[in-house]
Each structure stands twice: as structure tokens, then as C-alpha cells.
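# Structural features, examined
What follows is the residue order along each chain.
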Amino acid sequence: MKYTVSLKENHIFRRLYRKGSTVADGRLALYVRKNGRPTNRLGLTVSTKVGHAVVRNRLRRRLREIYRLHEHELVRGVDLVVVARVRAGSSRYQQLEESFLRLCRKLELVEK
RNA sequence: CAAGUAAGCUGGACAGCCGCGUGGGCAGGUCGAAAGGCCGUUCAUGAGGAAAGUCCGGGCUCCGUAGGGCAAGGAUAACGGGUAACGCCCGCCGAAGGCGACUUCAGGAAAAGUGCAACAGAGAUAUACCGCCUUGCUUUUGCAAGGUAAGGGUGGAAAGGCGGAGAUAAGCGCCCGCCCGAUGACUGGGAACUGCUCAUCGCUGUAAACUCUAUCCGGAGCAACACCGUGGAAACGCAUGAGAGCCGGCCCGGCUGCGUUUGGGAGGUGGCUGGAGCGCAGCGGCAACGCUGCGCCUAGAUAGAUGGCUGUCUUAAAGGACAGAACCCGGCUUACAGGCUCACUUGUACC
RNA sequence: CCGGGUGUGGCGAAGCUUGGUAUCGCGCUUGGUUCGGGUCCAAGAGGCCGCAGGUUCAAAUCCUGUCACUCGGA
């Protein structure tokens with residue numbers, strides 16, 4: 001992921017939940033805010049409610065892969081947090097990809 | 001062939017493209033005074049049988065402690081062995097279950113003491129309600145005193161059980177035969193224990209109630225612990241418009257009181273994986289396991305690396321059951337689609 | 001990683017220490033009171049005490065395992 005670093009600090013997550021713009025469907029929720037940097041910052045949230053460790057790890061990897069494959073289509077200079085909901089744990093890869101892209105278009109994150 | 005019992009193994013394989021963690025190499029690029037960092041490229045390697053629950057036992061680290069003992073609190077509980085150790089494992093004994101292979105068992109002490117046993121029942125660890133018998137009074141009837149545990153009824157449990165004779169006022173292991181149980185002696189066994197033996201005795205249950213006996217245990221945990229450590233804080237020293245530090249090639253200019261020590265929030269580095277390790281062979285042992293020889297090195301992350309797409313094969317099914325290392329080992333418990341191997345038991349048929 | 005607590009009718013709680021009969025409040029049903037409703041009065045239904053084993057004559061209670069929820073500390 002060339003233009004992206006991962007988002008780790010908890011206070012940035014909390015700032016995003018409070019001030020960022022939100023869009024969601026049954027599987028995922030996205031929080032976005034401009035960060036004034038040349039690169040993006042990506043945070044993933046998968047809570048224990050979604051499933052066991054195996055389920056959560058697989059979901060995190062899939063979300064990271066979806067972001068990696070579509071990174072070049074997205075705008076730069078934003079903080080982006082993807083929250084997985086309970087139904088995402090039993091969803092297939094293609095369903096997750098479809099949800100992610102639809103939510104990104106709603107937030108006008110897709111450049112081309 | 002059918003039904004079953006027990007032990008063990010396995011938990012998809014191969015290939016291509018894109019991508020990730022760790023370690024190594026590189027005549028490469030970039031930053032830097034250097035050490036080195038970052039990028040690139042290439043090679044190797046990269047989750048489990050339970051990694052899970054965190055129920056036991058150890059290593060390791062710190063705290064406490066002269067060494068040790070006692071008390072409190074907790075754990076375990078037939079016997080012998082294995083092990084670094086264990087509450088684990090193996091063997092064996094006993095009890096319960098099963099036609100059997102086999103399975104299950106917190107399986108010490110109730111004759112050291114205390115407690116509890118609802119309801120029912122006369123009576124719950126001692127007792128006389130009905131009944132039986134004797135004596136006295138009264139003389140259709142019955143009343144009082146005493147003896148009796150054979151019969152009745154209650155209960156989970158009622159003073160060993162069944163049968164019999166004598167004896168007795170009526171009765172009773174009071175006596176006899178058989179059986180059951182406890183203790184001691186003897187036999188066999190290394191021991192728990194055992195029995196065609198002998199003697200004595202006949203004792204409710206509960207210790208997953210208190211308790212007693214024997215053995216074991218100091219406490220906390222890798223977010224342990226060690227090191228580096230900006231800001232802020234404290235102490236000491238220096239300085240008070242001169243000097244010092246930072247930005248800058250230098251002047252001008254701008255900013256800041258400065259240095260040392262203590263302390264250890266955020267962050268970083270170590271701890272961090274070669275170990276009671278794995279495989280094969282031989283020997284000892286019924287076994288758990290041990291000894292010897294040879295060979296091998298096999299994750300080490302820190303918001304946490306294994307994912308996406310495609311093809312082929314095995315298959316009933318591979319878009320898969322349960323499930324993700326987090327300091328490391330030995331066990332236990334719990335979850336689990338299926339597949340395979342070996343041994344044994346019972347039944348049926350045939351030779 | 002370490003250590004606690006809770007689970008009982010539809011809801012909220014007691015009972016567990018010291019084993020034997022599961023109780024209380026709200027709610028629900030029926031009847032009465034009222035012109036009708038509420039209030040009030042009377043009667044009633046509804047529980048394998050989270051699950052599975054064990055100890056015991058007998059378990060919500062004691063013991064073991066397990067599941068879910070929840071709290072605290074480093």
C-alpha cells in the first residue's frame with residue numbers, strides 16, 4: 001500500500017467517530033475525515049461481537065486486501081476507518097468488496 | 001457379514017500471478033560525518049491437535065526470607081512404580097455396571113470427639129403405640145405396676161439374616177446348623193489385598209458437615225524484569241542584559257534562562273526462543289518410561305504477519321469441521337466434518 | 001496474565017450460610033364494586049431454580065465440569 005499508513009492511535013479513532021462523516025450498510029460502516037496529509041491513514045475495527053479470533057483475522061485480512069486492490073482509485077489525504085458489523089463475519093469476499101465500493105461512492109471517495 | 005469395545009494416526013496435495021511478517025545476500029538508489037536507517041531486488045522461512053478454556057505442575061524474573069520450624073489458609077487421599085514436578089501417566093487391588101471385549105470410581109478414618117437425619121412413625125441411637133405375659137384391684141367390660149423386641153404398622157435406615165429345638169410366665173444369639181460382616185492370627189503376595197483355615201465379636205447413615213491422620217505448598221507474574229528516554233516536576237550550581245544554547249554557511253534577525261543530578265508518564269530496545277526439543281535405530285522394562293548411538297534446527301509478531309484470483313488431482317463433499325502462537329515446557333478439560341490402521345469381544349453362516 | 005461476582009414464573013428480587021415446604025413486589029387471568037374505566041376487594045394460573053454429571057434416603061442449596069453475562073487489578 002503505497003499511499004497509506006495504518007491508523008493506530010485510539011484518540012484519532014475517537015475524533016473520527018465524533019466528527020467524521022459516516023455511511024453504512026448491513027455489513028460495513030465507514031468513517032472519513034480529511035487529515036491534511038499527502039497520504040491516507042486506514043483503520044480497521046472488528047469487535048469481539050463479530051466472532052472468534054479466526055473469523056476476525058480473516059475479516060481483517062479481507063478488508064485490507066479490498067483496500068489494497070482499490071487504493072489507486074481513491075482520493076488521497078483522508079483518514080478512513082472501516083467498522084465491521086456482525087453480518088460481515090459470515091459474508092463472502094465479493095459481498096464485502098461490493099459493500100465497500102458502494103459506500104466509497106456515496107462518500108465521493110472514488111476519483112476516476 | 002452384522003453389532004460393539006479399546007488404542008493410535010490424519011485434519012487435503014501440487015502449480016501460476018498479485019500482496020504480507022521475519023532472517024540472510026546484493027557492483028543498486030537515497031538520507032547521514034559515521035554507525036546505520038529507508039527504498040529496491042533476490043533467496044530461505046512463516047499457526048494447532050487442540051494454538052482454545054486458563055484447571056493443575058514446573059522453568060524464568062522480581063519481591064520477601066540468616067538457616068530452619070510452628071500456626072493460619074489451601075490442596076491431595078487404596079497400593080507399587082514413572083517423572084524435573086504434578087491433582088498427570090502406567091501397572092495392580094477393591095467396589096459398581098456390562099453376556100463379553102471392557103468401562104467408571106474425591107477409593108483414608110464413623111471403635112477419638114461434636115453436629116445433622118425433614119415428613120411419617122410409639123421410638124432415629126434410644127424407645128413399649130398395638131400386641132404377648134405376670135402380679136394387684138375390679139370381677140360382662142376394664143384399670144394400675146412390671147417384664148418382653150418374637151408379630152403389626154412407619155421409614156432411606158428399626159439393633160446381623162434364614163431355619164430349628166430346648167428353655168421360659170411371655171420372650172430374646174440364651175443355644176444349635178448354614179450364611180453375611182468386622183477385628184486379630186495364619187497362608188500366598190514386594191504392597192494394597194487375598195482365603196475350602198482358626199479365634200473373638202455383631203457395631204445405623206452422613207466426613208463433596210465440622211473434625212482427625214498422612215503428604216505437599218513463601219508471594220506475584222513477561223503489562224514480570226533490565227536498559228535508553230523528549231516534555232513537565234523537584235534539588236543543587238551558574239548567570240542576571242553580558243554570555244550561553246537552538247534555527248541559519250556567515251552577518252543581521254528570531255526563539256529560549258543554562259548545566260548537572262533524581263525520577264521514570266508516552267515511546268523505544270532487550271527479555272524472545274536450541275528446548276525436561278524432534279526423528280530413526282538398538283538395548284532394558286508387562287507398561288508408563290529410561291539409557292546409548294546417529295541425524296536435524298522447525299514462527300517470533302507487537303492494532304499483531306498466511307489473504308485475493310485461477311487451474312489440476314484425491315474425494316460423497318476441498319466456497320473447510322473445531323478453531324489463530326503472544327515468555328517457554330509437561331499434563332488435564334472442553335470443541336471437532338470426515339478418513340485410515342491395528343487388536344479384541346458377541347452373534348450368525350460356511351469350511 | 002491474575003482475581004471476584006451473577007444466572008430462580010413475563011420483569012425485578014429473597015431463599016443457598018445450617019440440604020427436606022420454592023416466597024415477595026410489579027405484571028397476567030377470572031369474578032366483584034362503578035353508568036363505564038382507574039383505584040380497591042376476592043380467587044387463580046404460570047418454575048424440570050443456566051446446562052451436564054456426582055455425593056446423599058433426599059440437592060435451588062454441597063462438590064466437579066461447562067456455558068453465558070458482568071466487575072476489578074497489573
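In this text the structure is predicted, and so the values were computed from the model without any measurement.

### Thoughts on the environment of Cys104
Position of Cys104 relative to the elements: it lies in helix H3 (residues 93-106). Judged by the 20 C-beta atoms lying within 10 Å of it, Cys104 is buried. It is 15 Å that separates the C-alpha atoms of Cys104 and Ala84, two residues lying 20 residues apart in sequence. Residues in contact with Cys104, not counting those within four places in the same chain, are Leu74, Leu109 and Val110.

### Considering the protein's contact with RNA strand B
What surrounds RNA strand B is a group of 15 residues, the closest being His52, Ala53, Asn57, Arg61 and Glu65. Per element, the largest residue contribution to the surface near RNA strand B is nine residues, and it comes from helix H2 (residues 53-69). Considering only residue class, the surface near RNA strand B consists of three nonpolar, four polar and eight charged.

### Considerations on the sheet that holds strand E5 (residues 78-84)
Sheet strands pair by backbone hydrogen bonding; their relative direction is either parallel or antiparallel. In space, the five strands of this open sheet follow the order E1-E4-E5-E3-E2, with mixed pairing throughout. In the strand order of this sheet, the two ends are held by strand E1 (4-6) and strand E2 (21-24), each with one partner. On average, adjacent strands in this sheet sit at an angle of 20 degrees to one another, irrespective of strand direction. Relative to strand E3 (residues 28-34), E2 is paired through four bridges, and the arrangement is antiparallel. Counted as the bridge partner of Ala24 is Ala29 from E3. Contacting E2 and E3, H3 crosses the sheet at an angle of about 35 degrees to E3.

### With respect to the nonpolar core
Residues Leu28, Leu30, Leu80, Val82 and Ala84 are the most contacted members of the largest nonpolar core, which totals 19 residues. Broken down by secondary-structure element, the contributors of at least two residues to this core are E3, H2, E5 and H3. Excluding anything up to four places from it in sequence, Leu80 contacts Leu30, Val32, Asn40 and Leu42.

### Observations regarding the confidence of the model for chain A
Here chain A averages 79 in pLDDT, while 91% of its residues score no lower than 70. Looking at the elements of chain A, mean pLDDT is at its lowest for helix H1 (residues 10-19), recorded as 72, and at its highest for H3, recorded as 85. We note a pTM of 0.76 for the whole complex and an ipTM of 0.77 for its interfaces.

Parameters and conventions
- Numbering of residues starts from 1 in each chain and follows the order in which that chain's sequence is written.
- Throughout, the order in which chains and ligands are written sets their labels, letters from A for the former and numbers from 1 for the latter.
- Reporting in this predicted model follows two pLDDT cut-offs: at least 70 for local features of residues, and 80 or more for side-chain atom pairs to be given and counted; totals over whole chains, interfaces and linings ignore these cut-offs and use all residues.
- To qualify as a helix, a DSSP run of H or I must reach at least 4 residues; to qualify as a strand, a run of E must reach at least 2; elements of each kind are numbered from the N terminus.
- A residue is called partly exposed when the number of other C-beta atoms within 10 Å of its own lies between 12 and 20, exposed at 12 or fewer, and buried at 20 or more, with C-beta atoms placed from the backbone.
- In this description, a residue-residue contact is defined by the distance between C-beta atoms placed from the backbone, which must lie within 7 Å.
- Using a C-beta atom placed from the backbone for every residue, we mark a residue as near a molecule or strand if that atom lies within 6 Å of it.
- Gly is put with the polar residues, along with every residue not named as nonpolar or charged; the nonpolar set is Ala, Val, Leu, Ile, Met, Phe, Trp, Tyr, Cys and Pro, and the charged set is Asp, Glu, Lys and Arg.
- Here, strands pair whenever DSSP counts at least two bridges between them.
- Orientation is described by axes fitted as lines to C-alpha atoms, over the contacting stretch for helices, and by angles from 0 to 180 degrees between their N-to-C directions.
- Think of a nonpolar core as buried Ala, Val, Leu, Ile, Met, Phe, Trp, Tyr and Cys residues chained together by C-beta atoms that fall within 7 Å.
- For every residue, the predictor assigns a confidence score, pLDDT, that lies between 0 and 100.

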